[in-house]
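This is what each chain is made of:
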Amino acid sequence: MQNPTGKQRSQRIQLDYFRRRTGLDRWRSVCIAAGFVAAAAYAGYLFYFVPKSSRSIATANASNEQGHNLLEHHFNTGELSSPHASFENQCELCHTDFTPMDANAPSEWFPLIGVDADVSRKHLEDACQKCHQVGHHHRSKMTAQFAARDQNCSVCHRAHQGRDFELTKIARRECLYCHRDLTPVTNANPAVQKTVAAFTKSTHGEFTSLQRGDSGKIRFSHALHMMPGQVAADAKGGMTLSRLMPSERARFAREGQTDSDLVELDCSSCHESVGQSVIDQLGTQLKSVDHELLGRSMEPIQFEKHCEACHAISPGVMPSTAEPLRLPHGVPSSAMRTQIASMIDGNRATGDSRPRRDDSKTIAPPGLDQSGGSQFGHGNVVHDSTGIDWRATDEEIAAAEQSVRSQCMTCHDEESISEQAILASASGSAATLIPTRWLRRGLYDHAVHRQIDCRYCHAAAYPVTDSLTQSALPTDTHEEVMIAGIESCEGCHRAADTPTPSSLQRSGDEPDRLNSIPELIGNMPTWASDECILCHRYHSPLDAHRPIESITSINKGTP
């Protein structure tokens, strides 16, 4: 076939092609029209729907600007909460240019536009840590994906939600994002429940701390101490008010009791809420008190404050006064011998000692003549009229040491009263012998639950009856954690659409108070939220040795 000439090829081109509409032209027109329609619909959405959205209304209400241009609420990110309002116009403190902070942003696209997501998250975390120096959430045990999520503060703390928005109220869905299944979250087998879906025993599991037993090392029986006189019903020698120091009797005496009556303890005899002593000391001078904050937890048990009234450490020296001699608690054995010798010699030198069982106090104490004058010999050696040396002998000191040791063994074991253990305890490097907090992974607010009877959660600490005999009364239950499990919580802390359990419903004819749950919970409501944040905090404790950074730079606008 002969090849066409250039003229022939040019004749195939229609010179009026631009006047004809093709399929591409028609498709372009459709797209343009659709764009205009979409723009008009979007404008209508802004004018008619955005003002009705909860976020816009909340923002407008928070700023008290009801007549404000509602379009601005759509394009503006919103006001910061009150604690952050002072740097609302300093966006650079938290934000990095062209880097989204939303946890749901497609971070895999960041490198395509030249953004380093790791740098952005680090910038945000450092900005938050200037004021909020908190630890991370087991980040070293997470996979890379979830470790990055842990580093992004905005995952849980969403800013720009209005002045009255509380950043610390975290919804349960944020916790369940990981805890619904920890398998893909952690690098190794987690030490806690792998799956948590809701606050019930079947979907949450029992409290981990209660499964490990009591880590304390003090031999103690709550039931015994809750008995009248701290003895069994068929035992003799019950503790009476007269056996206490006069200065302690008013603290333990109940209304109408005399000194001959038995001491009757209750929970408040030893367990005091944090800050209560401050309130008691200030009395009417204190005009404003946050009872909820002060009473959230209990003060640690202290020997001098809670035990010494009945269990004073005595070297066996009988003073002539009504106040018995007491050795300090927690003295290492290397210093105990000197303490005992000094106490015996001091009492004899001052004439305060008396023979054992001389309640009449008519017999002259060692070191004094019948007239009451001191009889000192040469060299400060104490003699009586016969020239006998009344200083403490090695045998007396050794006997006193053995007596003190036997008193220590009433509550302690050999290991905890060793020289090394006592020195470690004094320096604060050893674990406490009585745990200051049993629920290590969750919080319990005593102040919020103050109307609930202690028996509801600590029923095991009470004797079944005040008539228990010695054979039926436990003398050492220190290995038992006397705290009720999750079943005592889930009755009230449940989903809002869950009916009240029958065990919590009041019928008006409940039996004995000890066995009636409605009576034990008092006037407390029988429903409460079951959000995770009520009992759990996300951030781990910060290293105590970490230096505190200055926060003044945040007011200067520097990141």
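Each remark here, short or long, concerns the structure printed above.
The structure presented is a predicted model; accordingly, all values stated were derived computationally and were not measured. All residue numbers refer to position in the chain's written sequence, counted from 1. The predicted nature of this model means local features are confined to residues of pLDDT at least 70 and side-chain atom pairs, given and counted, to a pLDDT of 80 or more, with totals for whole chains, interfaces and linings taken over all residues. Note that water and hydrogens are dropped before the side-chain values are worked out from all heavy atoms of the structure.

Enquirer: Which residues make up helix α15 (residues 394-408), and what are the values?
Expert: Labels follow the DSSP assignment, with helices taken as runs of H or I lasting at least four residues and strands as runs of E lasting at least two, numbered in each case from the N terminus. Helices are assigned an expected span. That span is 1.5 Å times one less than the residue count. Counted at 1.5 Å a residue, the expected span for α15 with its 15 residues is 21 Å, and the 21 Å between its end C-alpha atoms agrees. Per-residue accessibility, obtained with a 1.4 Å probe over protein chains only, is compared with the maximum for each type, and a residue is labelled buried under 20%, exposed over 50%, and partly exposed between these values. Every buried residue belonging to α15 is among I397, A400 and V404, and all of these are buried. End-on, the buried residues of α15 take up no more than an arc of 65°, which puts them together on one face. When the buried face of α15 is taken as reference, the exposed residues oriented beyond 90 degrees from it are D394, E395 and Q402. Contacts: residue pairs with any heavy atoms within 4.5 Å of one another. Elements that come into contact with the buried residues of α15 comprise α14 (333-350). The directions considered for the arc are those from the helix axis to the C-beta atoms.

Enquirer: Outline helix α5 (residues 117-129), supporting the account with residue identities and numerical values.
Expert: The first and last C-alpha atoms of α5 sit 18 Å apart over 13 residues, in line with the 18 Å expected at 1.5 Å per residue. Considered for burial, the residues of α5 that qualify are A117, S120, R121, L124, E125, A127 and Q129.

Enquirer: Hey, could you go over the environment of A528 for me, with residue numbers and the actual values?
Expert: If you trace the backbone, A528 turns up in the segment after α17 (517-520). Among the residues examined, A528 registers a relative accessible area of 22% and is labelled partly exposed. Separated by 36 residues in the primary sequence, A528 and C492 have C-alpha atoms spaced 5.5 Å apart. Setting aside anything within four residues of it in sequence, one finds A528 in contact with C492, H493 and R494.

Enquirer: Give a description of the side chain of S221 that names residues and reports values.
Expert: You can see S221 is positioned in the loop between α8 (201-204) and α9 (222-225). Any pair of nitrogen or oxygen atoms within 3.5 Å is treated as a polar contact; in protein, a donor-acceptor pairing is required on top of that, and neighbouring residues in sequence qualify only through side-chain atoms on both sides. Polar side-chain contacts of S221 include one of 2.6 Å to the backbone oxygen of P474. With residues near it in sequence (within four places) discarded, S221 still touches P474, T475, D476 and T477.

Enquirer: Outline the pattern of salt bridges, supporting the account with residue identities and numerical values.
Expert: The salt bridge definition used is simple: a Lys or Arg side-chain nitrogen within 4 Å of an Asp or Glu carboxyl oxygen. This model, assessed by the stated rule, comprises 22 salt bridges. Between D259 and R249 there is a salt bridge, with its nearest N and O atoms 3.5 Å apart. One end of the pair, D259, is in the loop between α10 (246-252) and α11 (276-282); the other, R249, is in helix α10, with ten residues separating them in the sequence. The class for D259 is partly exposed, based on a relative accessible area of 39%. Between R337 and D394 there is a salt bridge, and its shortest N-O distance comes to 3.1 Å.

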